[in-house]
Amino acid sequence: MKPVVIKVGGGTIAGGALEDLPGVLGSGRKVALVHGGGPQLTGMLDALGMSTRFREGLRVTDERTLEVAEMVFAGSVNKALARELDSLGIPAAGISGTDGPTLLVEPVPELGRVGEIARVEPGLIRALWRGGFVPVVAPLGLGPEGAYNVNADAAAAALAVGLEAEQLFLLTDVDGLLKDGAPVGSLAPGECQEYVASGLAAGGMVPKLRAAAEAARGGVSARIINGNREGVLAAALAGERVGTLISEGVVA
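**Considering the packing of aromatic side chains**
For the coordinates displayed, the defined rule picks out zero aromatic pairs. Across from the ring centre of Tyr148, 5.0 Å away, lies the NZ or CZ of Arg113, which sits over that ring.

**Some thoughts on a nonpolar patch on the surface**
Side chains of Met44, Leu48 and Met71 sit close together on the surface and give an oily, nonpolar patch of about 260 Å² of accessible area. Topologically, Leu48 is positioned in the loop between α2 (38-47) and β3 (54-55).

**Details of the pattern of salt bridges**
All told, the structure shown has eight salt bridges when counted by the stated rule. Note that Glu63 is salt-bridged to Arg113, the shortest N-O span being 2.6 Å. In this pair, Glu63 is assigned in helix α3 (residues 63-87) and Arg113 in the loop between β6 (103-107) and β7 (115-120), connecting sequence segments 50 residues apart. Under the relative-accessibility criterion, Glu63 is labelled partly exposed at 46%. Residue Arg113 is classed as buried on the basis of its relative accessible area of 8%.

**Things to note about the sheet that holds strand β5 (residues 92-96)**
One open sheet holds the eight strands; their spatial order is β5-β8-β2-β1-β11-β15-β16-β14, and the pairing between them is mixed. Every other strand in the sheet has two partners, leaving β5 and β14 (186-187) as the edge strands with one partner each.

**Notes on helix α6 (residues 189-198)**
Helical geometry note: an α-helix holds 3.6 residues per turn, so side chains three or four residues apart project in the same direction. Those residues of α6 that fall on the buried side of the exposure criterion are Pro189, Glu191, Cys192, Tyr195 and Val196. Each buried residue of α6 lies within a common arc of 150 degrees when the element is viewed along its axis, so the set occupies one face. Along α6, the residues that are exposed and aim more than 90 degrees away from the buried face are Glu194 and Ala197. At its buried positions, α6 is contacted by β12 (178-179), β14, α7 (205-217) and β16 (244-246).

**Some words on helix α4 (residues 123-130)**
All of the buried residues in α4 are Ile125, Leu128 and Trp129. Down the axis of α4, the sector holding all buried residues measures 100 degrees, keeping them to one side. On its buried side, α4 packs onto β2 (31-35), β5, β8 (134-138) and α5 (152-162). Looking one or two places after α4, you find Gly132, whose phi comes out positive at around 90 degrees.

Criteria and cut-off values
Residues numbered from 1 in each chain as written. Predicted model: local features only at pLDDT ≥ 70, side-chain atom pairs only at ≥ 80, totals over all residues. Heavy atoms only, no water. Phe/Tyr/Trp six-rings, centres within 6.5 Å; stacked < 30°, edge-to-face > 60°. Lys NZ or Arg CZ within 6 Å of the ring centre and 35° of its normal. Patch = residues over 30% accessible without salt bridge, like charges linked within 9 Å, V, L, I, M, F, W, Y side chains within 5 Å. Areas by Shrake-Rupley, 256 points an atom, 1.4 Å probe, with all protein chains shown as cover. Salt bridge = Lys/Arg side-chain N within 4 Å of Asp/Glu carboxyl O. Helix = DSSP H or I, 4+ residues; strand = E, 2+ residues; numbered from the N terminus. Buried < 20%, exposed > 50% of the residue type's maximum accessible area, 1.4 Å probe, protein only. Pairing = 2+ DSSP bridges. Arc of directions from axis to C-beta. Contact = heavy atoms within 4.5 Å.

Structural data, given as structure tokens:
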């Protein structure tokens, strides 16, 4: 079986879709997790009296902000998620994209230490799989000046393509991309930007749609699902129609 990549937020995982993971792993399928942590980073910056600025949905990251981001993403958030997985009986290893290195990036102009992923080196992830561990990857990449902040949804999409995954699951707090209160069942990659441009997709759904489209163009079907619902991950892997599927096989 091909592996799956799951993007989760930086918060607690108990009582949600990741409760399905022991069964998924028991079937022999390999899993890699990528996590965010934007609210935790903003909270820490506020506590330190540091301002937060965004440009087109990406955090402007100077040297001091990067230091805090690495502390939060690769430190407290990453290790807390690894411990939570361990409490579910899942051996997890927390790393960041700079380890290996796994995620190699190019700087995004005018955003400081923000990187766009140029290449994925999957060796460390595969080594952890061989050791029986679930990799938990913090959204940082290695670039020409060291570590860079990376959008977590984009990191998950790039990693899914680099690992030749079967599916990418983007976990959120709603039942997929919603239209008139109901989830849109499926989209072709080209339709994702149409929803963004029309304003039907907004906020945190925008980077998820863009990441899903990139994964689909790279040969990996992506599905946006409600991470708060236990059983939804198992249902999706069993072929049930849950959430919003983005795939090249969808006719626009």
